[in-house]
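The lines below spell out each chain.
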Amino acid sequence: MSTTTELRKDTGTPDSAEETLLELCSMHVFYGAIEALKGIDLTVRKGEIVALLGGNGAGKTTTLRTISGMLQPRQGEVRYRGERIDGIKSHELVQFGIGHVPEGRRVFAAMTVRDNLEMGAYRFSSVDPADMDRVFTLFPRLAERRSQLAGTLSGGEQQMLAIGRALMGEPELLLLDEPSMGLAPLIVQQIFEIIEEINKQGTTVLLVEQNATQALGLANRGYVLETGSVAMSGPAAELLSDPRIREAYLGEGAA
Amino acid sequence: MSLQEFWDYLVLGVMLGSLYAVIAIGYTLVYGVLQLINFAHSEVFMLGAYGSLIVLQLVSPGDNPSVMASIGFVALAMAGSALFGGVTAYGLEKVAYRPLRRRGAPRLIFLITAIGASFFLYNLAGKLFGRDPLPLPEMYENREIFSLFGAGVNITQLLQFATAVVMMVLLDLVVNRTKLGMGIRAVAQDAEVAGLMGVNIDKVVSRTFIIGGVLGGVAGFLFANLNQVSYTMGFIPGITAFAAAVVGGIGNIRGAMFGGVLIGIVETMTVPLLGDEWRSVSAMVVLILVLMFRPMGILGERVGRAA
Ligand SMILES: Nc1ncnc2c1ncn2[C@@H]1O[C@H](COP(=O)(O)OP(=O)(O)OP(=O)(O)O)[C@@H](O)[C@H]1O
Ligand SMILES: [Mg+2]
């Protein structure tokens, strides 16, 4: 896609500063000499589901990894509740209430389902049984398999476990990196319903997806990344009906 | 070999093996969290032995101590070895390995650093403590206390075996039942994700070294109690225990225990069958055979499956 004119300027200017949870301000991230993110601006407000879309290598994972402190921006800022959090290590950042479900699930394969969930609550001095119950209510399949080793779960179950594990840390903001990756449509449907449910229960969500239709169907707003820059952004409904999005991500011919 | 000889050597082998197991755990734990072979672990073992020697020289047990006094001397010696072992391992990680991790150094650099640290430490010990082997001062009057299948077991042997077993049980509990243990297992499986869950990786790595160091240090004391203390004493037991860790499956704690006991038995049995000069050779033969037919070790390389 060479015509990367912006659909509109970032509409994410919050109505009031209080509402803004996460703010990326012209964030540049490098891998060695390679500039993976070339000045990203992005805002997530409390209570929203924001979709972060883009093709392979666009920089979606890099964005999430920078938010959770695994990478440091060379330029620009990451703000959470107005406070600068870039430069804070990921294990300290958890205390801010940011949960991250990494790309490829990355459950602790040699631990049981229960141990994985307990790991999710590592930041607390003890595991809150209410959190465990909540996860098992959201994902009854995990409850049945609580003593099973995570490595022996199916892909869909592992994704559920990865989400459940992040929920055990009681996140205020949940970062989800391609939860639909490699899953059958029916399971994807289920996972997306659960994400909606989690959001309704009060967790703000930043959802990275390649699956643009489904992600925008769920989201309030969306951003489209292209080779490290925000190419488009706006309300989900507008993005869904934008011909360029339809062409590039929904596999339709030029409008 | 008569049946009686068989029992005699088997008992000896299991006891020696328990010591190898404790040392092997030190290699396997560190490998688990950092995928690093800490070749300087043999020096942790050696310095642990010096720790007990120094403490015993300070308190200098006289002749014929009472039972209570004997227990006290043993406890102090053990504490000294644990302290020296733990501090040495902690310092090694801080000074030698952590700066390399910060820079994301390639694996080979870690290996060379480990070997360099080992050379440095044993030469330092030779310089500080002298190059002549020294016996530990006598803490109790050693005598046979019972016999197992007709094989006599004395206090020193019992102390060695019982301490090794207790340490392994405690370690197993720490790794499988405590929050630190859970952190260790998580870091071993996926350090980055463990960090996302709030695990302070540096802290977990540091504590893992300390745990391995305490085990290795106390093993040094137990070994010195049977033999002597010297600045080169770490090399052969260190290499043998490393072989045991690989035989059991490096990264796998129960594998290290199993490999240790197996190599202890094989080594000891070699003496009556082939002669004392084949002892160390036999451990390496076991290693080579295992690597040929089961490269991941007998119980399987299981990074993170710490148990
Ligand atoms: N560790 C790394 N070292 C060097 N370059 C990297 C590294 N990780 C990612 N990159 C590069 O950064 C760019 C963005 O990668 P990123 O993983 O963020 O993309 P993505 O949008 O998540 O893609 P995908 O949808 O395939 O997961 C790519 O060009 C990638 O090659
Ligand atoms: Mg990605």
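A few points on the structure. All values derive from a computational prediction rather than experimental measurement.

1. Quick notes on the site of ligand 1
Residue and element names in this part refer to chain A.
Here is step 1 of the chain: Taken together, 13 residues sit near ligand 1, with Asn 56, Lys 60, Thr 61, Thr 62 and Glu 103 positioned nearest.
Here is step 2 of the chain: Take Lys 60: an N or O atom from its side chain is 2.7 Å from an oxygen atom of ligand 1.
Here is step 3 of the chain: Here Thr 61 contributes a side-chain N or O atom positioned 2.6 Å from an oxygen atom of ligand 1.
Here is step 4 of the chain: In isolation ligand 1 exposes 630 Å². Once the protein is present, 61% of that is buried.
Here is step 5 of the chain: Sorting elements by how many residues they give to the shell around ligand 1 places helix α1 (residues 60-67) first, with 3 residues.
Here is step 6 of the chain: Per-class residue counts for the shell around ligand 1 are 3 nonpolar, 7 polar and 3 charged.

2. Let's talk about the interface of chain B and chain A
Here is step 1 of the chain: Between chain B and chain A, the contact holds 19 residues from the first and 23 residues from the second.
Here is step 2 of the chain: Both faces considered, chain B and chain A share a buried interface measuring about 2000 Å² in area, 62% of it formed by carbon and sulfur atoms.
Here is step 3 of the chain: Of all residues in chain B, the largest losses of buried area upon contact with chain A belong to Met 182, Leu 196 and Met 197 of chain B, amounting jointly to 34% of the total for that side.
Here is step 4 of the chain: For the pair chain B and chain A, the number of links is 4 salt bridges.
Here is step 5 of the chain: A salt bridge links Arg 106 of chain A to Asp 190 of chain B, with the nearest nitrogen and oxygen atoms 2.8 Å apart.
Here is step 6 of the chain: At the boundary of chain B with chain A, the tally comes to 9 residue pairs in polar contact (both at pLDDT 80 or more).
Here is step 7 of the chain: Counted by class, the side of chain B that touches chain A contains 8 nonpolar, 5 polar and 6 charged residues.

3. A few points about the coordination of the magnesium ion (ligand 2)
All names here are of chain A.
Here is step 1 of the chain: Surrounding the magnesium ion (ligand 2) are the protein donor atoms Thr 61 (OG1) and Glu 103 (OE), which sit 1.9 to 2.5 Å from the metal. Of the two residues, Thr 61 is situated in helix α1 and Glu 103 in the loop between β6 (98-101) and α3 (113-120); the sequence distance between them amounts to 42 residues.
Here is step 2 of the chain: Accessibility expressed as a relative area gives 30% for Glu 103, which makes it partly exposed.

4. Looking at the packing of helix α8 (residues 235-248) of chain B against helix α10 (residues 279-293) of chain B
Residue and element names in this part refer to chain B.
Here is step 1 of the chain: Packing of α8 against α10 brings their axes to within 9 Å, and their N-to-C directions diverge by 25°. As judged from the angle between their axes, α8 and α10 are roughly parallel. Note on packing geometry: the crossing formed by α8 with α10 is left-handed. Contact with α8, carried on its side by Ile 236, Ile 239, Thr 240, Ala 243, Val 246 and Val 247, involves Ser 280, Ala 283, Met 284, Val 286, Leu 287, Val 290 and Leu 291 of α10 and no other residues of that element.
Here is step 2 of the chain: The residue inventory of the contact of α8 with α10, partitioned by class, reads 11 nonpolar, 2 polar and no charged.

5. So, a nonpolar patch on the surface
All names here are of chain B.
Here is step 1 of the chain: There is a patch of nonpolar side chains on the surface, built from Met 1, Leu 3, Phe 6, Leu 273, Leu 274, Trp 278, Val 281, Val 285, Ile 288, Leu 289, Met 292 and Phe 293 and spanning about 1200 Å² of accessible area.
Here is step 2 of the chain: Those elements that place two or more of their residues in the nonpolar patch are α1 (3-34), α9 (253-274) and α10.
Here is step 3 of the chain: Top element by residues in the nonpolar patch is α10. It accounts for 6 residues.

6. Focus: the sheet that holds β6 of chain A
Residues and elements named next belong to chain A.
Here is step 1 of the chain: One open sheet accounts for 6 strands, arranged β6-β7-β8-β3-β9-β10; its pairing is mixed. Here the strands that pair on one side only, and so sit at the sheet edges, are β6 and β10 (229-235). Direction aside, neighbouring strands of the sheet carry axes that sit 15° apart on average.
Here is step 2 of the chain: Across the sheet, helix α6 (residues 155-167) lies against β6 and β7 (173-177), angled at about 170° from β6, the strand it touches most.

7. Quick look at the environment of Gly 198 of chain B
Here is step 1 of the chain: Along the chain, Gly 198 of chain B turns up in the loop between α6 (179-196) and α7 (201-226).
Here is step 2 of the chain: Residue Gly 198 of chain B is classed as buried on the basis of its relative accessible area of 17%.
Here is step 3 of the chain: Once the C-alpha coordinates of Gly 198 of chain B and Gly 183 of chain B are considered, the two residues, 15 residues apart in sequence, prove to be 9.4 Å apart.
Here is step 4 of the chain: Leaving out residues up to four positions away in the same chain, Gly 198 of chain B has contacts with His 91, Val 94 and Tyr 122 of chain A.

Scoring rules and cut-offs
Residues numbered from 1 in each chain as written. Chains lettered and ligands numbered in written order. Predicted model: local features only at pLDDT ≥ 70, side-chain atom pairs only at ≥ 80, totals over all residues. Heavy atoms only, no water. Near = heavy atom within 4 Å. Polar contact = N/O pair within 3.5 Å; in protein donor to acceptor, adjacent residues only side chain to side chain. Areas by Shrake-Rupley, 256 points an atom, 1.4 Å probe, with all protein chains shown as cover. Helix = DSSP H or I, 4+ residues; strand = E, 2+ residues; numbered from the N terminus. Nonpolar A, V, L, I, M, F, W, Y, C, P; charged D, E, K, R; others polar. Contact = heavy atoms within 4.5 Å. Buried area = accessible area lost by both parts, 1.4 Å probe. Salt bridge = Lys/Arg side-chain N within 4 Å of Asp/Glu carboxyl O. Donors = N, O, S within 2.8 Å, 3.2 Å for Na, K, Ca; no water. Buried < 20%, exposed > 50% of the residue type's maximum accessible area, 1.4 Å probe, protein only. Axes fitted to C-alpha atoms, helices over the stretch in contact; angles between N-to-C directions. Parallel < 35°, antiparallel > 145°, perpendicular 65-115°, else oblique. Left-handed = near helix turned anticlockwise from the far one by under 90°. Patch = residues over 30% accessible without salt bridge, like charges linked within 9 Å, V, L, I, M, F, W, Y side chains within 5 Å. Pairing = 2+ DSSP bridges.

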